[in-house]
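Chain by chain, the residues:
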Amino acid sequence: MLGFFNKFRRQEDGAVTVDWVVLTAAVAGMCIAFVLELKNDANGLSALTQDYLEEQDPAAAAGGNIQGPAD
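Residues numbered from 1 in each chain as written. Predicted model: local features only at pLDDT ≥ 70, side-chain atom pairs only at ≥ 80, totals over all residues. Heavy atoms only, no water.

Enquirer: Break down the overall build of the protein chain for me, with residues and values.
Expert: Within the protein chain one finds three helices and zero strands. Moving toward the C terminus, one meets the helices and strands of the protein chain in the order α-α-α. Counting across all 71 residues of the protein chain, residues that qualify as buried make up 0%. Summing over all exposed atoms, the protein chain offers an accessible surface of approximately 6900 Å²; the carbon and sulfur share of this is 64%. (Helix = DSSP H or I, 4+ residues; strand = E, 2+ residues; numbered from the N terminus. Buried < 20%, exposed > 50% of the residue type's maximum accessible area, 1.4 Å probe, protein only. Areas by Shrake-Rupley, 256 points an atom, 1.4 Å probe, with all protein chains shown as cover.)

Enquirer: Please provide a residue-by-residue account of the confidence of the model for the protein chain, values included.
Expert: Here the protein chain averages 83 in pLDDT, while 89% of its residues score no lower than 70. Averaged pLDDT values for the elements of the protein chain fall to 74 in helix H3 (residues 58-61) and rise to 91 in helix H2 (residues 15-55). (pLDDT = per-residue confidence, 0-100.)

Enquirer: Just give me the short version of a nonpolar patch on the surface, but keep the residues and values in it.
Expert: Among the surface-exposed residues, Val 16, Trp 20, Leu 23 and Val 27 lie close enough to one another that they form a single nonpolar patch of about 420 Å² accessible area. As for its position among the elements, Trp 20 is in helix H2. (Patch = residues over 30% accessible without salt bridge, like charges linked within 9 Å, V, L, I, M, F, W, Y side chains within 5 Å. Salt bridge = Lys/Arg side-chain N within 4 Å of Asp/Glu carboxyl O.)

Here it is in structure tokens:
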């Protein structure tokens with residue numbers, strides 16, 4: 001049994017495959033984290049932009065030159 005374990009330990013077949021799987025999983029995880037963080041930032045920015053635009057006065061922005069509806 002000890003001989004089998006030593007032989008198994010010395011084998012290197014498949015080690016590159018394991019490395020690639022771990023590397024690919026790490027890259028995929030980082031991409032997912034990046035997309036989630038970008039989504040949160042975009043949602044926050046759009047909320048701030050909406051708040052800013054709701055506070056603006058169109059008549060003041062036009063220099064008081066806005067006419068009322070035509071009768």
